[in-house]
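Listed below are the residues making up each chain.
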Amino acid sequence: MAASCPLPVTPDLPTLRAKLHGLLRFLREALPISNAHTVDFYTESVWEQLVDLPPETVLAVLRRSAAEAEAQPSAARPLAEAQGGSDSTDFPKVFCETSQKLVSVEAFALAAKCYSVQNLGICTPLEQLLVALRGNQKQRTDKNVKPDEFMNLKKSHEVQAMSELISSVADYYGVKQIIDLGSGKGYLSSFLSLKYGLKVYGIDSSNTNTHGAEERNRKLKKHWRVYHRRSKLDVSALALQTAKERKLQDEIECNAYAEGVGNSSTANQEKMSTSDFLPDFSGSVISNIRKQMENLHVHSHREENLYFENAFSVRDLLPINAIESTSSQTPKRKMLETNKERRKVTSKSNESNVYSPLTSFITADSELHDIIKDLEDCLMVGLHTCGDLAPNTLRIFASKSEIKGVCSVGCCYHLLSEEFENPHKECTQEKWGFPMCRSLKEGRWCCGRNARMSACLLPTESLFYRAVLQDIIKDCYGITKCDRHVGKLYSKSSSFLDYVRKSLKKLGLDESKLPEKVIMDYYEKYKPRMNELEAFNMLKVVLAPCIETLILLDRLCYLKEQEDIAWSALVKLFDPVKSPRCYALIALKKPQ
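Residues numbered from 1 in each chain as written. Predicted model: local features only at pLDDT ≥ 70, side-chain atom pairs only at ≥ 80, totals over all residues. Heavy atoms only, no water.

- As recorded by an unreviewed UniProt entry, the protein chain carries the name Methyltransferase like 25 and is attributed to Sus scrofa.

1. Looking at the side chain of T10
Here is step 1 of the chain: Among the secondary structure elements, T10 is positioned in the segment before α1 (13-35).
Here is step 2 of the chain: Look at T10 and you get buried, because its relative accessible area is 16%.
Here is step 3 of the chain: At a separation of 3.2 Å, a polar atom in the side chain of T10 contacts the main-chain carbonyl oxygen of S568.
Here is step 4 of the chain: Among all residues touching T10, those that are not within four sequence positions of it are T124, K560, W567, S568 and A569. (Helix = DSSP H or I, 4+ residues; strand = E, 2+ residues; numbered from the N terminus. Buried < 20%, exposed > 50% of the residue type's maximum accessible area, 1.4 Å probe, protein only. Polar contact = N/O pair within 3.5 Å; in protein donor to acceptor, adjacent residues only side chain to side chain. Contact = heavy atoms within 4.5 Å.)

2. Regarding the packing of aromatic side chains
Here is step 1 of the chain: Under the counting rule described, the total for this entry stands at 13 aromatic pairs.
Here is step 2 of the chain: Considering the side-chain rings of F26 and Y115, the 5.9 Å spacing of their centres and the 25° angle between planes classify their relative orientation as stacked. Residue F26 is located in helix α1, and its partner Y115 is located in the loop between α5 (105-114) and α6 (117-120); the two are separated by 89 residues in the primary sequence. You'll find F26 and Y115 in the same group, each marked buried.
Here is step 3 of the chain: Plain terms: the ring middles of F41 and F536 are 5.5 Å apart, the flat faces sit at 55° to each other, and that makes the pair tilted. In this pair, F41 is assigned in the loop between α1 and α2 (46-50) and F536 in helix α23 (residues 530-561), connecting sequence segments 495 residues apart. With respect to class, F41 is no different from F536; both count as buried.
Here is step 4 of the chain: Lying over the aromatic face of Y477, K513 brings its terminal NZ or CZ to 4.8 Å of the ring centre.
Here is step 5 of the chain: In this structure, K589 packs its charged tip against the face of F397, placed 4.7 Å from the ring centre. (Phe/Tyr/Trp six-rings, centres within 6.5 Å; stacked < 30°, edge-to-face > 60°. Lys NZ or Arg CZ within 6 Å of the ring centre and 35° of its normal.)

3. Some remarks on the packing of helix α17 (residues 389-399) against α23
Here is step 1 of the chain: Between α17 and α23, the shortest axis-to-axis distance is 11 Å and the interhelical angle comes to 5°. With respect to α23, the element α17 is oriented roughly parallel. Across the interface between the two elements, A390, P391, L394, R395, F397 and A398 from α17 touch R555, Y558 and L559 from α23.
Here is step 2 of the chain: Across the contact of α17 with α23, the residue classes break down as seven nonpolar, no polar and two charged. (Axes fitted to C-alpha atoms, helices over the stretch in contact; angles between N-to-C directions. Parallel < 35°, antiparallel > 145°, perpendicular 65-115°, else oblique. Nonpolar A, V, L, I, M, F, W, Y, C, P; charged D, E, K, R; others polar.)

4. Looking at helix α3 (residues 55-71)
Here is step 1 of the chain: Taking 1.5 Å per residue as the helical rise, α3 with its 17 residues ought to reach 24 Å, and the 24 Å between its terminal C-alpha atoms agrees with that figure.
Here is step 2 of the chain: For α3, the full list of buried residues reads P55, V58, L59, V61, L62 and S65.
Here is step 3 of the chain: Considering only its buried residues, α3 is in contact with α2, α5 and α23. (Expected span 1.5 Å × (residues − 1).)

5. Thoughts on unusual backbone geometry
Here is step 1 of the chain: With an omega of -5°, the peptide bond running from F434 to P435 counts as cis.
Here is step 2 of the chain: Along the chain, P435 turns up in the loop between β5 (403-411) and α18 (438-442).
Here is step 3 of the chain: A positive phi angle is found at C412, which is not glycine, with a value near 50°.
Here is step 4 of the chain: Of note, C412 is situated in the loop between β5 and α18.
Here is step 5 of the chain: Non-glycine residue R444 carries a positive phi angle of around 50°.

6. Remarks on the packing of α5 against α23
In a packed pair of helices, the relevant descriptors are the angle between the two axes and the axis-to-axis distance.
Here is step 1 of the chain: Put simply, α5 and α23 touch, their axes get as near as 8 Å, and they point 30° apart. Classified by the angle between their axes, α5 and α23 sit roughly parallel to one another. The handedness of the crossing between α5 and α23 comes out as left-handed. Here F108, A109 and A112 of α5 come into contact with α23, specifically with L539, V542, L543 and C546.
Here is step 2 of the chain: For the contact of α5 with α23, the residue count by class is seven nonpolar, no polar and no charged. (Left-handed = near helix turned anticlockwise from the far one by under 90°.)

7. So, the sheet that holds strand β1 (residues 177-181)
Sheet strands pair via backbone hydrogen bonds, and the direction of the pair is either parallel or antiparallel.
Here is step 1 of the chain: Sheet architecture is open: seven strands sit in the order β3-β2-β1-β4-β5-β7-β6, paired in mixed fashion. The two strands at the open ends of the sheet, each matched to only one other strand, are β3 (356-359) and β6 (565-572). In this sheet, neighbouring strand axes are inclined to one another by 15° on average, regardless of whether the strands run parallel or antiparallel.
Here is step 2 of the chain: Pairing between strand β4 (residues 378-386) and β5: eight bridges, direction parallel. If you follow T385 over to β5, its bridge partner there is G410.
Here is step 3 of the chain: Here α17 sits on the sheet in contact with β1, β4, β5, β6 and β7 (583-589), set at roughly 170° to β5. (Pairing = 2+ DSSP bridges.)

8. Side note on the pattern of salt bridges
Here is step 1 of the chain: Under the counting rule described, the total for this entry stands at 18 salt bridges.
Here is step 2 of the chain: We note a salt bridge from E48 to R529, for which the minimum N-O separation is 3.5 Å. One end of the pair, E48, is in helix α2; the other, R529, is in the loop between α22 (516-526) and α23, with 481 residues separating them in the sequence.
Here is step 3 of the chain: Taking relative accessible area as the criterion, E48 reaches 37% and is therefore assigned partly exposed. (Salt bridge = Lys/Arg side-chain N within 4 Å of Asp/Glu carboxyl O.)

Right under this line is the structure:
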């Protein structure tokens, strides 16, 4: 491995399991809140079933807790320390032991903060990891490259942060091939190939995405060529400047040499060599060149170096009489033709390292050799891979010897398949999105789709409209469960009345049987109870980070359970304000 610094120490498997079990103790009581369906909020009397407090109290406490958390981010530490051991007697009473209803909002909010990723102490600092991966090598960077010119700010932030980490891991392990699963529009793949010179295969199940990625990659390469042409223009200006300095330096040196001929012996003349010319030159022109190269941020890139190499050579910068003449001088025209051919070869060589989009549906059992013919030692990466693709990425990494490392950022937790969600339903599926680790499998643990969706926030009013609509459908049409979805009609509706009319029509129900007055009576009936729904929604929001922690801990424990994995960690890779799904799972195989 390239870097000499040891990788950061990460929590071991027993430590992670202890933290996981503490989280499970809390979630066993709290999950009914996350799993309650907002649609059934009024029809099933959800508030009365799960909360033994007035909604005004819940709202006041949660708002105050949010304000305090913003002012003092470490407020959850005392509870986290209290839960360090296996004894839970000091745990504040959150739920009633008899009714299982929520009785303390303060304890609920504190516990939820305690069991979020940032307060559990399971993350490895990104900067610490990057320093270890690079060792004594300088960071490869190019401030002139601005990906936000062809990506939105969110995507630009994600791509830059993740590509920097991936290139550092690639350098550390000495691999050049990257497999990007769920590559989508190809932003990450293109950036890795163009900026870092890596050979990237982007695999996506959507043929439309693949063709779109090919076209986008073509445009990105065009952008890169424009950028490099600008760099070459800067180099040309530098060459012109140094040529003028060289001419002046030659005149000074020649005059000095002529004076030396008149005042020295032949023996002294024979002692003169190229070293007599270089000190002054290296102190002015060479240092200027180095400064200009640093300003252009190209000296640390193989690809950019080629442009400097093709623009001018050090030979052209030195005084003519500072270089020994050879018996066979290459004609200038022939040199130009040779350089031109070399540039063609270089261009073809660079083209071999570009991004190659492929279309294929990936499962945990996919054979990569059938998809990538020249598969070699590589890294597998995924930026916001949806649903089961994230856990399958980890499974493929663990099972394939060619894949030396993995960097995976998952999303769309609501699309995960759960092994124990429907225990009585027959299913032939063998590998599930959740759970992955042995502890949760042995405990037959299940989150539930509603809990996994809890991080997907919607305006309270839209939830209120949908909940009241459900009561109308139940009372007026006798339908307790409806397989069809209303969708995003809230944003297209001018009022509650308009929303109900459009919804009934979409659901195939006869809207003419409901007079306007009947509809508005339902609205007036539930409007005073809208704060119940708002408070309940806030409870689900507070719990959302705990659900994500459970999923991430499950995946990290799975990696720790694999015998041939040398190192694995959870890293906060993105700014959560810019990119809410900000955690990356990283792992490296043992060297063979």
